[in-house]
Number of protein chains: 2
Amino acid sequence: MAQGQGDYRILHEADLRDHLAGLPDLTARLGGDPAAWDITEVGDGNLNLVFIVKGTSGGVAVKQALPYVRLVGESWPLPLSRAHYEYLALSRQAELAPGLVPALLHHDETLALTVMELLEPHIIMRKGLVAGTQYPGFAGDITTFMARTLFFTSDLALSAAEKKEGIAAFAGNHALCKITEDLIFTDPYRIAEQNRWTAPYLDALAVSLRDDMELHVAVSRLKLKFMASPEALLHGDLHTGSIMVTASQTRVIDPEFAFYGPMGFDVGAVIANLLMAYFASAGHERAPGERAAFEAWVLETIEQVWIGFARKFLELWRTAGTGDAYPVSLFAGPQGATRLEAERQTYMQRLFTEVVGFAAAKTIRRIFGLAHNIDFELIEDAKTRAISEARAVRLARAMMVETGTFRTIGDVTGAARKLRNWMPELSG
Amino acid sequence: MAQGQGDYRILHEADLRDHLAGLPDLTARLGGDPAAWDITEVGDGNLNLVFIVKGTSGGVAVKQALPYVRLVGESWPLPLSRAHYEYLALSRQAELAPGLVPALLHHDETLALTVMELLEPHIIMRKGLVAGTQYPGFAGDITTFMARTLFFTSDLALSAAEKKEGIAAFAGNHALCKITEDLIFTDPYRIAEQNRWTAPYLDALAVSLRDDMELHVAVSRLKLKFMASPEALLHGDLHTGSIMVTASQTRVIDPEFAFYGPMGFDVGAVIANLLMAYFASAGHERAPGERAAFEAWVLETIEQVWIGFARKFLELWRTAGTGDAYPVSLFAGPQGATRLEAERQTYMQRLFTEVVGFAAAKTIRRIFGLAHNIDFELIEDAKTRAISEARAVRLARAMMVETGTFRTIGDVTGAARKLRNWMPELSG
């Protein structure tokens, strides 16, 4: 994979203007004199530069990878090749889930730069959730996205040769995987310089996580699964900050963490971030019960995410299960069909168990690790925030260590509901 | 990966002589006038040409891949690139398990040709087992080979980045994996042109395997695990025909099926082939009880293979477990050490379950699939052979479908012992 680091340079507004002006498709789309284009750097993510460019007839979004982690700085280098993997993943997702990712307009391997459709008036879903906005179409869209991108890149749909080629094509994205391995599956459970939490209120809880050997075994099993279970092409970072929404539309963005991994990691990411939106909601209410309808919608959406995903995934398996796994030739006749259907249910139950575990890991890292989220961070009163966070952690700990007691998604939402007003003991 | 098929040609004796004569290291090793070297084609495997070349001072073995499956002919093409993967795997095995593989002397990518140390007076272990020969050092050697090659290429020893690079390096060997996927995990369980068995005696058993939906589910789970669990660099074809022995030495050969897969597949292959040697033994005795000591040794060796492998693997994990999985930093202090050790035992128990399943699959394919083995084939009387084969299949079916009832390797050998004189109902 050509990284072309030799000719790479970080683009500033003027360079970007010149670069785009040289691309006829884009100049036509933007319209007007390139000198008059409005260019603004808006990146608020952890890793990249993001520009919005507007001309007289339209706009585009431009993403450029930086050779280091933007959140931390040049001391933490990160390969530009992630832009290549993001481009690969986005292309595949566009084929598999048309209309649910931004349209790809241009990619420059050397500059680690991708130009995409400007999503307007979409906002980052997480911001909407903090504001208490409901997205009635979200569960339907995200389950279509996940069912189709995961199923069609799995052994249930592909030949073993195609699958191995896919795994190899993304194997080089290991630096991004390593971020997940460290920040999600390791650091929150040990002393690490980059960890932070709502001190002093969660100090004792932080210590208890570091001393909790059952939790360490559970998170280590999940980590191994993350590293060595290439079930399907994952988005790899499917939280509500990687999803843009309007009242009626959903677009999944930023698949630079894409690689072949366990399906439960993507589904668990969506569920974890909805659970955090639920627990954070209490911290955003100005009057008791003000956000009750929103909170009920969040829990219902969590249920619909799993149920809808499972239903769509199973339907694809039944109608398009032509991969090398579970060959139909071994399940001929009515008895074979019945037995295969029972096995499909067993498969989904196993997958659900992994979703529960991964969702827990994705929750704990946002409360004790490096990267937090605005669901909690925007709760200004630290004690109020700590209470919301402690509730989420209590559920996450149970989901990770007593995973088997969560047999259905209703067990997860039921446990969340019970913790809505639970008062944790805080430090400090 | 350069396959160089453009300049590839199948070597005949004269071409090979010229090729080797141009390699100073080899001419020195062989000695004498190249024109006087004794060159014999001895390949009796399923895929390749194998030459033995002898000069005045020494000999070498030369293996050349053919662009098709030798056992079947040009109608079944097979990529020459397998010689590249074999070379890669052999190089890695030589580093990890020195003295347990033949020394590599020369590799030519274009000709898909590898020159190795001539193993003399070693014989193919399977031939020795048919003759009733005991190999007291075998269990010790093969457990060292498996523990070291599997552990040091796993997430327990490697960084996630190194592991992903290894997976990618072998991903292109999917045509060889496909042979395993079809011939071991699929064809024996359905009507397939290449299937054969000891007819008519096993006709009813063949039908019952094709109708056995519990077995089809079990073998499909194993197939999926084979395709999508890159735990470690496997030999990939570790039967007793891939092992050369003397009374005191063991050498593992022919790793052309190498890829990153589930560890239980290699360990299961060794155990399956010893189990088949055990059940075949009754068919080779000229007088009742004649081979009792040999058979007792085989069962004891099966036990030692698992017990020795598990002991050595665990010891490596304890002393060299510096990979990204189960990071020691999460298991500090005496409580952490105790909990991690318990988890290691859980890990090995899970691995044992997979060994049992894969051993069963490796057994059934040798009795109902394309490639049989001389353990059974050299039993001349078809009915006697069918009796031995039916005993092996009865155990294998239980191992695959009731895997959980085999908790220890003693459960496996105990079940084999009970079937030693069991009389199956035969067809015909």
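Remember, it's a predicted structure, so these values are computed and weren't measured experimentally. Within every chain, residues take consecutive numbers counted from 1 along the sequence as written. Working convention: letters from A go to chains and numbers from 1 go to ligands, in the order in which they are written. Local features in a predicted model are, by the rule used here, given only for residues with pLDDT of at least 70; side-chain atom pairs are given and counted only at 80 or more, and totals for whole chains, interfaces and linings are based on all residues. The basis for the side-chain values is all heavy atoms of the structure; hydrogens and waters are excluded.

Engineer: Looking at this structure, how should I read the overall build of chain A?
Structural biologist: Scanning chain A for helices and strands turns up 15 helices and twelve strands. In this description the radius of gyration comes from C-alpha coordinates, and the expected globular size is given by 2.2 Å times residues to the power 0.38. For a compact globule of 428 residues, the expected C-alpha radius of gyration is about 22 Å, and chain A comes in at 22 Å, within 12% of that figure. Out of the 428 residues in chain A, the part that is buried amounts to 60%. Long-range contacts, defined here as pairs at least 24 residues apart, represent 76% of the contacts in chain A between residues at least 6 apart. Surface exposure here means Shrake-Rupley accessible area, sampled with a 1.4 Å probe, where a residue is shielded only by the protein chains that are shown. Per element, the accessible surface of chain A, about 15,700 Å² overall, is 53% carbon and sulfur. Numbering of helices and strands starts at the N terminus; helices are DSSP runs of H or I of at least 4 residues and strands are runs of E of at least 2. Only protein chains enter the accessibility calculation, which uses a 1.4 Å probe. A residue is then buried if its area is under 20% of the maximum for its type, exposed if over 50%, and partly exposed in between. Here, two residues are considered to be in contact whenever any of their heavy atoms come within 4.5 Å of each other.

Engineer: Is there a simple way to think about the sheet that holds strand 1 (residues 38–41) of chain A in this case?
Structural biologist: Residues and elements named next belong to chain A. One open sheet accounts for five strands, arranged 1-2-3-7-6; its pairing is antiparallel. Two strands bound the open sheet, and with one partner strand each, they are strand 1 and strand 6 (104–108). Taking the axes of each pair of neighbouring strands and ignoring which way they run, one obtains an average angle of 20 degrees across the sheet. In this sheet, strand 7 (residues 113–117) lies alongside strand 3 (residues 59–65) in antiparallel orientation, the contact comprising five bridges. Each residue of the ladder has a partner; that of Gln64, found in strand 7, is Leu113. Paired strands, as defined in this entry, are two strands with at least two bridges between them according to DSSP. Inter-axis angles, ranging from 0 to 180 degrees, are taken between N-to-C directions of lines fitted to C-alpha atoms, where helices are fitted over the stretch in contact.

Engineer: Mind showing me how you'd approach the side chain of Gln64 of chain B here?
Structural biologist: All names here are of chain B. Assignment of secondary structure puts Gln64 in strand 3 (residues 59–65). With a relative accessible area of 0%, Gln64 lands in the buried category. Of note is the side chain of Gln64, whose polar atom sits 3.1 Å from the backbone oxygen of Leu111. If we ignore the near neighbours within four places in the chain, the residues touching Gln64 are Tyr8, Arg9, Ile10, Leu11, Asn48, Leu49, Leu111, Ala112 and Leu113. We define a polar contact as two N or O atoms separated by no more than 3.5 Å, with the added condition that, inside protein, one atom must be a possible hydrogen donor and the other a possible acceptor, whereas residues neighbouring each other in sequence contribute only through side-chain atom pairs.

Engineer: Please explain the pattern of salt bridges as it appears in this structure.
Structural biologist: Opposite charge on two side chains makes pairing possible when the charged atoms of those side chains draw close. Basic side-chain nitrogens of Lys or Arg form a salt bridge, by our definition, when they fall within 4 Å of a carboxyl oxygen of Asp or Glu. Counting across every chain of the model gives 54 salt bridges over all chains. Note that Glu86 of chain A is salt-bridged to Lys63 of chain A, the shortest N-O span being 2.8 Å. In this pair, Glu86 of chain A is assigned in helix 3 (residues 82–96) and Lys63 of chain A in strand 3, connecting sequence segments 23 residues apart. Taken individually, Glu86 of chain A and Lys63 of chain A each receive the classification buried, so the pair is uniform in this respect. Between Glu377 of chain B and Arg196 of chain B there is a salt bridge, and its shortest N-O distance comes to 3.5 Å. Here Arg196 of chain B lies in the loop between helix 7 (174–183) and helix 8 (203–211) and Glu377 of chain B lies in helix 13 (residues 374–377), a separation of 181 residues in the sequence.

Engineer: Honestly, the relation of the copies chain A and chain B in this entry has me stumped. Any pointers?
Structural biologist: Comparison of the two chain copies shows a relationship of rotation about an axis with a shift along it. The copies were overlaid with a least-squares fit restricted to C-alpha atoms from residues scoring a pLDDT of at least 70 in each copy. Superposition record for chain A on chain B: RMSD 0.0 Å, screw rotation 180 degrees, translation along axis 0.0 Å. Expressed as an axis order, the relation between the two copies is that of a two-fold axis. The rotation axis passes nearest to the C-alpha of Ala168 of chain A in chain A, at a distance of 2.3 Å. Here 100% of the interface residues in chain A have copies in chain B that are interface residues too; the copies meet face to matching face.

Engineer: What is the right way to read the domain arrangement of chain A from this model?
Structural biologist: A common measure of how large an interface is: the accessible area buried when the components associate. Residue and element names in this part refer to chain A. As used throughout, domain bounds are those supplied by an automatic or database domain assignment. Each assigned domain of chain A is listed here: domain 1 (13–117) and domain 2 (123–418). Just the C-alpha atoms count here: the centres of domain 1 and domain 2 sit 27 Å apart. Contact with domain 1, which involves 24 residues of that partner, is made by 30 residues of domain 2. Of all residues in domain 1, Tyr85, Leu96 and Leu100 bury the most surface against domain 2, accounting for 29% of the area lost on that side. Seen at the junction of domain 1 and domain 2, the total is three salt bridges. Note that Asp254 and Lys63 form a salt bridge whose closest N and O atoms lie 2.5 Å from each other. One can count seven residue pairs in polar contact (both at pLDDT 80 or more) joining domain 1 with domain 2. The greatest single-element share of the side of domain 1 that touches domain 2, amounting to nine residues, is contributed by helix 3. Of the residues contributing to the side of domain 1 that touches domain 2, the split by class is 15 nonpolar, four polar and five charged. Buried area: the sum, over both parts, of the accessible surface (1.4 Å probe) that disappears when the two are put together. Ten residues, namely Ala, Val, Leu, Ile, Met, Phe, Trp, Tyr, Cys and Pro, are considered nonpolar, four, namely Asp, Glu, Lys and Arg, are considered charged, and the remaining ones, Gly among them, are considered polar.

Engineer: Explain the nonpolar core to me, please; I cannot follow it from the model alone.
Structural biologist: It is characteristic of soluble globular proteins that their nonpolar side chains tend to be buried jointly. Core analysis: the biggest nonpolar cluster contains 227 residues, and Trp306 and Phe313 of chain A together with Trp306 and Phe313 of chain B have the highest contact counts within it. Once residues within four sequence positions are removed from consideration, Phe313 of chain B is found in contact with Ala147, Leu150, Phe151, Leu156, Met263, Tyr347 and Met348 of chain B. As used in this record, nonpolar core signifies buried Ala, Val, Leu, Ile, Met, Phe, Trp, Tyr and Cys residues forming a set joined through side-chain atoms within 4.5 Å.

Engineer: Looking at this structure, how should I read the pairing of strand 5 (residues 73–77) of chain B?
Structural biologist: Taken residue by residue, a regular strand's side chains alternate between the two faces of the sheet. Residues and elements named next belong to chain B. Examined bridge by bridge, strand 4 (residues 68–69) and strand 5 share two bridges and lie antiparallel to one another. Following the sheet pairing, Tyr68 is matched in strand 5 by Pro77. Between strand 4 and strand 5, which pair antiparallel and follow one another directly, the connecting turn spans three residues.

Engineer: Any chance you could explain the packing of helix 12 (residues 333–368) of chain B against helix 14 (residues 382–401) of chain B here in plain terms?
Structural biologist: Helix-helix packing: each pair is described by the crossing angle between the helix axes and the interaxial distance. Residue and element names in this part refer to chain B. In contact at an axis separation of 8 Å, helix 12 and helix 14 are set at 145 degrees when each is read in the N-to-C sense. The element helix 12 and its partner helix 14 pack so that their crossing is left-handed. Listed contacts from helix 14 to Val356, Gly357, Ala359, Ala360, Ala361, Thr363, Ile364, Ile367 and Phe368 of helix 12 are Glu389, Ala392, Val393, Ala396, Arg397, Met399 and Met400. Residues that form the contact of helix 12 with helix 14 fall into these classes: twelve nonpolar, two polar and two charged. Crossing handedness follows the turn of the near helix against the far one: under a right angle anticlockwise gives a left-handed crossing, and clockwise gives a right-handed one.

Engineer: Looking at this structure, how should I read the sheet that holds strand 6 (residues 104–108) of chain B?
Structural biologist: Sheet strands pair by backbone hydrogen bonding; their relative direction is either parallel or antiparallel. All names here are of chain B. Strand order in this open sheet of five strands is 1-2-3-7-6, and the pairing throughout is antiparallel. Either end of the sheet is taken by a strand with one partner, and the two such strands are strand 1 (38–41) and strand 6. Each adjacent strand pair in this sheet contributes to an overall mean axis angle of 20 degrees, direction not counted. Two strands pair when backbone bridges link them, and strand 6 and strand 7 (residues 113–117) are joined in this way by four bridges, in the antiparallel orientation. Counterpart to His107 in the pairing with strand 7 is Thr114.

Engineer: What exactly am I supposed to notice about the interface of chain A and chain B here?
Structural biologist: Each side of the interface is counted separately: chain A has 46 residues, and chain B has 46 residues. Together, the buried faces of chain A and chain B total about 3,800 Å²; carbon and sulfur atoms form 63% of this surface. Of all residues in chain A, the largest losses of buried area upon contact with chain B belong to Lys164, Met213 and Leu330 of chain A, amounting jointly to 18% of the total for that side. In this assembly, chain A and chain B are joined by six salt bridges. Of the charged contacts, one joins Arg221 of chain B and Glu343 of chain A as a salt bridge, the two residues approaching to 2.6 Å between their closest N and O atoms. Inspection of the chain A/chain B interface yields twelve residue pairs in polar contact (both at pLDDT 80 or more). Of all the secondary structure elements, the ones that give two or more residues to the side of chain A that touches chain B are helix 6 (160–171), helix 7 (174–183), helix 9 (213–228) and helix 12 (333–368) of chain A. Of the residues that constitute the side of chain A that touches chain B, the class distribution is 23 nonpolar, nine polar and 14 charged.

Engineer: What should I look at first to understand the packing of aromatic side chains in this one?
Structural biologist: The description of an aromatic ring pair rests on the distance of the ring centres and on the angle between the ring planes. Only the six-membered ring of Trp is used, alongside the rings of Phe and Tyr, when aromatic pairs are assigned; centres must lie within 6.5 Å, and planes under 30 degrees apart are stacked while those over 60 apart are edge-to-face, with the rest tilted. Within this structure, the stated rule accounts for 40 aromatic pairs over all chains. Among the aromatic residues, those joined into a ring-pair cluster are Phe151, Phe152, Trp306, Phe309, Phe313, Trp317, Tyr326, Tyr347 and Phe352 of chain A.

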